[in-house]
Amino acid sequence: MTCETEFLRYAADQLEQQCQRIEECVGRLTPEQVWWRGGESQNAIGNLLLHLTGNVREWILTGIDHAPNTRVRDAEFAARGGIAAGSMTVALREAIDKAVVVIRGLAVDRLTERVRIQGHDVTLVEVIFHVVEHFSGHTGQIILMTKGFTGADLGFYSYLSKPGVSGRTP
């Protein structure tokens, strides 16, 4: 295994894991909680779902796989409800599944290829790194908000409490 193939494998694995965590969170929430905002300067979980879907589509599916870019980024933040959580998580899962196929199938010699996205001239390594990092940040926000709404331990790290586990994240 090369560093490049390990990077691609891990990036795809992380997107799958984070998407699963988002799906678990959203499944615990009411429609009102999905669209709740603490104020106009904050985003609801619904906005984050739309935003993550748009980001993955634009950066991976358009940026790497050359799919048409139909994203309207401002609409992701302007939404104030009216879209069911289930339809948003399905759209997010579809985008992630497609992105994972693109990432896993990417030839390593393309990783230094340059593309222009949102005015940024970046390599495909940077594209993938950006998407994983961005996705992870918003996943953390969704997890925090879900814990606040439910008061529940979501159990994502419960395996660390088992005897003999070193604490290394798989």
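Our subject is the structure listed above.
Residues numbered from 1 in each chain as written. Predicted model: local features only at pLDDT ≥ 70, side-chain atom pairs only at ≥ 80, totals over all residues. Heavy atoms only, no water.

Enquirer: Explain the overall build of the chain to me, please; I cannot follow it from the model alone.
Expert: Secondary structure summary: the chain contains six helices and two strands in total. Each helix and strand of the chain, ordered N terminal to C terminal, gives the series α-α-α-α-α-β-β-α. A compact globule built from 170 residues should have a C-alpha radius of gyration of about 15 Å, and the chain, at 17 Å, falls within 12% of that. The principal-axis extent of the C-alpha atoms belonging to the chain is close to 50 × 45 × 25 Å. Counting the 170 residues in the chain, one finds 41% classified as buried. In the chain, the share of contacts with a sequence separation of at least 24, taken over all contacts with a separation of at least 6, comes to 74%. When the accessible surface of the chain is split by element, carbon and sulfur atoms take 55% of a total near 9,200 Å². Of the side chains in the chain, 17 bear a positive and 20 a negative charge, and the two mean positions are spaced by 3 Å. (Helix = DSSP H or I, 4+ residues; strand = E, 2+ residues; numbered from the N terminus. Rg over C-alpha atoms; globule rule 2.2 N^0.38 Å. Buried < 20%, exposed > 50% of the residue type's maximum accessible area, 1.4 Å probe, protein only. Contact = heavy atoms within 4.5 Å. Areas by Shrake-Rupley, 256 points an atom, 1.4 Å probe, with all protein chains shown as cover. Lys, Arg positive; Asp, Glu negative; His and termini not counted. Charge placed at Lys NZ, Arg CZ, Asp CG, Glu CD.)

Enquirer: Teacher, can you tell me more about the packing of helix α1 (residues 3-27) against helix α5 (residues 85-105) here?
Expert: Helix packing geometry: the angle between the two helix axes and the distance between the axes. Running from N to C, α1 and α5 point in directions that differ by 170 degrees, and their axes come no closer than 9 Å. Looking at the two axes, α1 sits roughly antiparallel to α5. Contacts from Leu-8, Arg-9, Ala-11, Ala-12, Asp-13, Leu-15, Glu-16, Cys-19, Gln-20, Ile-22, Glu-23 and Val-26 in α1 reach Ala-85, Thr-89, Leu-92, Arg-93, Ile-96, Val-100, Ile-103 and Arg-104 in α5. Grouping the amino acids of the contact of α1 with α5 by side-chain chemistry returns twelve nonpolar, two polar and six charged. (Axes fitted to C-alpha atoms, helices over the stretch in contact; angles between N-to-C directions. Parallel < 35°, antiparallel > 145°, perpendicular 65-115°, else oblique. Nonpolar A, V, L, I, M, F, W, Y, C, P; charged D, E, K, R; others polar.)

Enquirer: Would you explain the nonpolar core in this entry?
Expert: Counting 47 residues, the largest nonpolar core has Ile-60, Val-127, Ile-128 and Phe-135 as its most contacted members. Going through the elements one at a time, α1, α3 (45-62), α5, β1 (114-117) and α6 (124-150) are the ones with two or more residues in this core. Not counting residues within four places of it along the chain, the set of residues in contact with Val-127 comprises Trp-59, Ile-60, Ile-64, Val-115, Ile-117 and Val-122. (Core = buried A, V, L, I, M, F, W, Y, C linked by side-chain atoms within 4.5 Å.)

Enquirer: Could you clarify how one ought to interpret unusual backbone geometry in this entry?
Expert: In most cases, non-glycine residues show a negative phi, while peptide bonds are predominantly trans. You will see that His-66, though not glycine, has its phi angle at about 65 degrees, which is positive. Structurally, His-66 can be placed in the loop between α3 and α4 (73-78). Given the relative accessible area of 57%, His-66 is considered exposed. The backbone of Gln-118 sits at a positive phi, close to 50 degrees, despite the residue not being glycine. Here Gln-118 lies in the loop between β1 and β2 (120-123).

Enquirer: Looking at this structure, I do not really get the pairing of β2. What am I missing?
Expert: Residues in a regular strand project their side chains so that they alternate between the two faces of the sheet. Where β1 meets β2, four bridges bridge the pair, whose relative direction is antiparallel. Across the sheet, the residue bridging to Arg-114 is Thr-123, located in β2. (Pairing = 2+ DSSP bridges.)

Enquirer: Sorry if this is basic, but what is going on with the pattern of salt bridges here?
Expert: Evaluation of the coordinates by the stated rule reveals eleven salt bridges. Measuring nitrogen to oxygen at the nearest pair gives 2.6 Å for the salt bridge that ties Arg-80 to Glu-40. A residue pair is termed long-range when its members are at least 10 positions apart, and Arg-80 in the loop between α4 and α5 and Glu-40 in the loop between α2 (31-34) and α3 qualify at 40 residues. On the basis of relative accessible area, Arg-80 is assigned to the partly exposed category, the value being 44%. Here Glu-76 and Arg-71 are joined by a salt bridge, their closest N and O atoms 2.7 Å apart. In this structure Glu-76 comes out as buried when scored by relative accessible area, which is 6%. Look at the salt bridges and you will find they share partners, linking Glu-6, Arg-9, Asp-13, Glu-16 and Arg-104 into a network. (Salt bridge = Lys/Arg side-chain N within 4 Å of Asp/Glu carboxyl O.)

No statement about biological role is implied by the geometric values presented.
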